Amino acid sequence: VQEECADNGYLHYSHRMRREILEQAALKSALASAVQNQELEIFYQPKVCLNTGTISGVEALLRWRKADGSFISPAEFIPVAERSDLILEIGAWVLKSACRQLKKWHDEGHGHLSVAINLSGKQFHDEQLPAMIGDILRETALPPQSLNLEITENILIDNVENAIRIMEQISAMGVHLSIDDFGRGYSSLTYLKRFPINVLKVDQSFVRDLPHGHKDVAIAMSIISLGSRLNLKVVAEGVETPEQLAFMQQHKCTEMQGFLFSKAIDAEELGAMLRSGKHLSCAYRP
Ligand code: C2E
Ligand code: MG
Ligand code: MG
Ligand code: MG
């Protein structure tokens, strides 16, 4: 009986795997034609300075809009793109488009605004990345520090020496680097010591249960204080409630991002938000 069960389990498992492989293949070819047909769009989520209450920058977040108007989440299609070279094409497009959009906002009088762009592992380790960044900075004439590249810890563990070399090249151009989802991956204090980093983003899993989760309180406070002692900006991700905002203000986190202020919106809406002067009314003032 046990053997039968095991066999059955195996059968189910292999059917499921087969189905998943087919689904992934279908998703990959759909994504390739989405790139061709320009169905990808960049949304922007504002980042708010907790000292002034104003929008200091935006994070570029990819959206795949299907013909029926629904969206496929980047959490679903980025991993698929990462398994092929499609991610390089998509990544280069995001970098160029988001910088050109930022340039427009600068020209409209929002010269203080920065843009943060997420890099995938393949893109980060691609030999051509620094040259590509140089090209786009020359083309747009943006101040390099208004460009911020977000990488996750997991990208860094693969090849630490190479990662340091690439980060130093990027940093030498004046472009800023953020560690995204800090604390979620294989966090190592060695990264903070050796890598030229400007920003820590507190992973939203530590923000979600604030201010009640006592472990989250300890972790969030420690990350903020670690960042501040290292002279890094600290951005709280996923701030959804006034209590979470108050926590971040109280503990002198430098910036916040989250649905409480705004979700990611398209470039036009973001432009309107900038013109309206939207800001946090209850910003912490020293
Ligand atoms: P991420 O870089 O950590 O981005 C933050 C995610 O949290 C975004 O999800 C954002 O919409 C979501 N978020 C922001 N505020 C809140 C909040 O208050 N509550 C909750 N529950 N969620 C919030 P999104 O847009 O679905 O992106 C998911 C991930 O996909 C990103 O995580 C990033 O890793 C990746 N991604 C997005 N765009 C790109 C891209 O252009 N290139 C690459 N390589 N990855 C990208
Ligand atoms: Mg990010
Ligand atoms: Mg993040
Ligand atoms: Mg995240």
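Procedures and definitions
Residue positions are counted from 1 within each chain, in the order its sequence is given. Chains and ligands are labelled sequentially in the order written, the chains with letters from A and the ligands with numbers from 1. Two thresholds apply to this predicted model, a pLDDT of at least 70 for residue-level local features and 80 or more for giving and counting side-chain atom pairs, whereas whole-chain, interface and lining totals are computed over all residues. Computation of side-chain values: all heavy atoms of the structure, hydrogens and water removed. We call an atom a donor if it is N, O or S and sits within 2.8 Å of the metal, or 3.2 Å for Na, K and Ca. Water is not counted, so some sites may look partial. Strands here are runs of E lasting at least two residues and helices are runs of H or I lasting at least four, both read from the DSSP assignment and numbered beginning at the N terminus. Exposed residues in this analysis have more than 50% of their type's maximum accessible area, buried residues have under 20%, and partly exposed residues fall in between, with area computed by a 1.4 Å probe over protein chains only. Helix axes are fitted only over the stretch in contact, all axes being lines through C-alpha atoms; the angle between N-to-C directions runs from 0 to 180 degrees. Any angle between 65 and 115 degrees counts as roughly perpendicular, while under 35 counts as roughly parallel, over 145 as roughly antiparallel, and the rest as oblique. Crossings are assigned a handedness: left-handed for a near helix turned anticlockwise from the far helix by less than a right angle, right-handed for a clockwise turn. Between two residues, a contact is recorded if the distance between any of their heavy atoms is within 4.5 Å. Per-residue confidence from the predictor is given as pLDDT, running between 0 and 100. Being paired, for any two strands, means DSSP has found at least two bridges between them. For Phe, Tyr and Trp, rings pair up if their centres lie within 6.5 Å, where Trp contributes its six-membered ring, and each pair is then called stacked (planes under 30 degrees apart), edge-to-face (over 60) or tilted (otherwise). For a ring to carry a charge above it, either NZ of a lysine or CZ of an arginine must fall within 6 Å of the ring centroid while also lying within 35 degrees of the normal to the ring plane. Nonpolar cores are built from buried Ala, Val, Leu, Ile, Met, Phe, Trp, Tyr and Cys residues. Side-chain atoms within 4.5 Å join them into one set. Helix span, expected: 1.5 Å multiplied by one less than the number of residues in the helix. Near is defined per residue: the residue qualifies when any heavy atom it owns lies within 4 Å of the molecule or strand. What qualifies as a polar contact is a pair of N or O atoms within 3.5 Å, subject to a donor-acceptor requirement within protein and to the restriction that residues adjacent in sequence count only when both atoms come from side chains. Here, Shrake-Rupley sampling with a 1.4 Å probe gives the accessible areas, and only protein chains in the shown set may cover a residue.

The name an unreviewed UniProt entry gives the protein chain is PAS sensor protein, with Desulfurispirillum indicum as the organism.

J.: Describe in detail the coordination of the magnesium ion (ligand 3), supporting the description with residues and values.
T.: Reference geometry at the metal: tetrahedral coordination by four donors gives ideal angles of 109.5 degrees; octahedral coordination by six donors gives 90 or 180 degrees. Within the protein, the magnesium ion (ligand 3) binds to Asp-180 (OD), Asp-181 (OD) and Glu-237 (OE); these donor distances fall in the range 1.8 to 2.2 Å. Sequence spacing of the donors to the magnesium ion (ligand 3): D-D-x55-E. In this model, the magnesium ion (ligand 3) sits 3.9 Å from the magnesium ion (ligand 2), the two metals being bridged by Asp-180. With Asp-180 in strand E6 (residues 176-182) and Glu-237 in the loop between strand E8 (233-236) and helix H11 (242-250), this residue pair connects regions lying 57 residues apart in the sequence. The same class applies to Asp-180 and to Glu-237, which are both buried.

J.: Requested: an account of the packing of helix H3 (residues 86-107) against helix H5 (residues 129-140), with residues and values cited.
T.: Interhelical geometry of H3 versus H5 gives an angle of 25 degrees and a closest axis separation of 10 Å. Put simply, H3 runs roughly parallel to H5. Taken as a pair, H3 and H5 cross one another with a handedness that is right-handed. When H3 is examined against H5, the residues Ala-92, Leu-95, Lys-96, Cys-99, Arg-100 and Lys-103 are found in contact with a partner set consisting of Leu-129, Met-132, Ile-133, Ile-136, Glu-139 and Thr-140.

J.: Quick one: what's the story with the confidence of the model for the protein chain, residue by residue and with numbers?
T.: Any segment with low pLDDT has predicted coordinates that should not be analysed in fine detail. Residues of the protein chain with pLDDT of at least 70 account for 94%, and the chain-wide mean is 91. Reported confidences for the modelled complex are a pTM of 0.93 and an ipTM of 0.98.

J.: If you had to explain H11 to someone new, which residues and values would you point to?
T.: Every buried residue of H11 is accounted for by Gln-244, Leu-245, Phe-247, Met-248 and Gln-249. The positive-phi residue at the C-terminal boundary of H11 is Lys-252, with phi of around 60 degrees.

J.: Hey, could you go over the pairing of strand E2 (residues 55-65) for me, with residue numbers and the actual values?
T.: For E2, the tally of buried residues reaches ten of eleven residues, placing the bulk of the element in the interior. Summarising the sheet, strand E1 (residues 40-49) and E2 pair through nine bridges and their orientation is antiparallel. Looking at E2, one finds that Leu-40 is bridged to Trp-64. Between E1 and E2, which follow one another and run antiparallel, lie five residues, and Gly-53 among them has a positive phi close to 80 degrees. Alignment of E2 against strand E4 (residues 114-118), held across four bridges, turns out to be parallel.

J.: Please set out the packing of aromatic side chains residue by residue, giving values where relevant.
T.: For the coordinates displayed, the defined rule picks out four aromatic pairs. Summarising the aromatic geometry, the rings of Phe-43 and Phe-71 are spaced 5.7 Å apart at their centres and angled 75 degrees between planes, so their arrangement reads as edge-to-face. On the criterion of sequence distance, the pair formed by Phe-43 in strand E1 and Phe-71 in strand E3 (residues 71-72) is long-range, its members being 28 residues apart. The class of Phe-43 is buried, set by a relative accessible area of 10%. Classification of Phe-71 as partly exposed rests on a relative accessible area of 38%. Summarising the aromatic geometry, the rings of Tyr-191 and Phe-195 are spaced 5.3 Å apart at their centres and angled 10 degrees between planes, so their arrangement reads as stacked. You'll find Tyr-191 and Phe-195 in the same group, each marked buried. If you follow Lys-66 out to its NZ or CZ, it ends over the ring of Trp-64, 5.8 Å from the centre.

J.: Give a description of the nonpolar core that names residues and reports values.
T.: Ranked by size, the top nonpolar core spans 79 residues in total, and within it Ile-117, Leu-149 and Met-248 carry the most contacts. Tallying contributions element by element places H3 first for this core, with nine residues.

J.: Give a description of H3 that names residues and reports values.
T.: The first and last C-alpha atoms of H3 sit 32 Å apart over 22 residues, in line with the 32 Å expected at 1.5 Å per residue. Two residues or fewer past H3, Gly-109 is found with a positive phi of approximately 105 degrees.

J.: Before we move on, could you go through the site of ligand 1 and cite the residues and values that matter?
T.: The environment of ligand 1 is formed by 22 residues, the closest being Arg-63, Asn-118, Asp-180, Glu-240 and Phe-259. In this structure, Asn-118 approaches ligand 1 through a side-chain N or O atom, which is 2.9 Å from an oxygen atom. In the complex, 81% of the free accessible area of ligand 1, which totals 810 Å², lies under the protein chains. In terms of residue count, E2 provides more of the shell around ligand 1 than any other element does, four residues in total.

J.: Explain the side chain of Asn-162 residue by residue, including any values.
T.: Inspection of the secondary structure puts Asn-162 in helix H7 (residues 160-172). The exposure class assigned to Asn-162 is buried, which follows from its relative accessible area of 15%.

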